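Letter by letter, the chains look like this.
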Amino acid sequence: MRWLILLFIVVPTAELALLIYSGNTLGLLPTIGIILLTGIGGGYLAKKQGTKAWNEFRHKMTTMETPGTALIDGVCIFIGGLMLLMPGFITDAVGLFLLFKGPRNLLRPFIISWLAKKMKSGRIVIR
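Note that the structure is a prediction, hence the values are computed from the model and not measured.

Undergrad: Provide a residue-level description of the side chain of Thr 91, including the pertinent values.
TA: In this fold, Thr 91 is placed in helix H4 (residues 89–99). Taking the relative accessible area as the measure of exposure, Thr 91 reaches 5% and is therefore buried. The contacts of Thr 91, once residues within four sequence positions are left out, are Val 11, Glu 15, Met 83, Leu 84 and Met 86.

Below, the structure is given as structure tokens:
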């Protein structure tokens, strides 16, 4: 829980500093344009990737397969889309990272091991 409080302090501060630096370096209008472009483009990309993940999830459920990877992909795409809608360069970079399949494939084993540890310790229970 401590890291969450730290995250709510450090990330906005870094975002603000980067936005101020970008505004001074590039100018006000290009900085606003980049923020709007990443928000609109990220929303489109998140919708496209989210639809693909949802269809994969539905297909796995109908064929009685375990939808684990499709479910993790869907959550990553959702979080990535939310991060792209937030103004700032750091959250945009993390959001884009989560929207593309290659980086998600690299991140998935860490998510699976984290979930396994939580389930083993009893902090996550599936019934």
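Undergrad: Got a sec to walk through helix H3 (residues 68–85)? Specific residues and values, please.
TA: Between its terminal C-alpha atoms H3 stretches 26 Å, which fits the 26 Å expected from 18 residues at 1.5 Å a residue. For H3, the full list of buried residues reads Ala 70, Ile 72, Asp 73, Cys 76, Ile 77, Gly 80, Gly 81, Met 83 and Leu 84. Each element contacted by the buried residues of H3 is listed here: helix H2 (28–62), H4 and helix H5 (101–121).

Undergrad: A description of the packing of H3 against H5 should follow, citing residues and the corresponding values.
TA: H5 packs onto H3 with a crossing angle of 110 degrees between their chain directions and a minimal axis gap of 10 Å. Looking at the two axes, H3 sits roughly perpendicular to H5. Of the two possible hands of crossing, H3 and H5 adopt the one that is right-handed. Of the residues in H5, those in contact with Thr 69, Ile 72, Asp 73, Cys 76 and Ile 77 of H3 are Lys 101, Arg 104, Arg 108, Ile 111 and Ile 112. Class assignment for the residues of the contact of H3 with H5 results in five nonpolar, one polar and four charged.

The rules we used
Residues numbered from 1 in each chain as written. Predicted model: local features only at pLDDT ≥ 70, side-chain atom pairs only at ≥ 80, totals over all residues. Heavy atoms only, no water. Helix = DSSP H or I, 4+ residues; strand = E, 2+ residues; numbered from the N terminus. Buried < 20%, exposed > 50% of the residue type's maximum accessible area, 1.4 Å probe, protein only. Contact = heavy atoms within 4.5 Å. Expected span 1.5 Å × (residues − 1). Axes fitted to C-alpha atoms, helices over the stretch in contact; angles between N-to-C directions. Parallel < 35°, antiparallel > 145°, perpendicular 65-115°, else oblique. Left-handed = near helix turned anticlockwise from the far one by under 90°. Nonpolar A, V, L, I, M, F, W, Y, C, P; charged D, E, K, R; others polar.

None of the figures reported here should be taken as evidence of function without further support.
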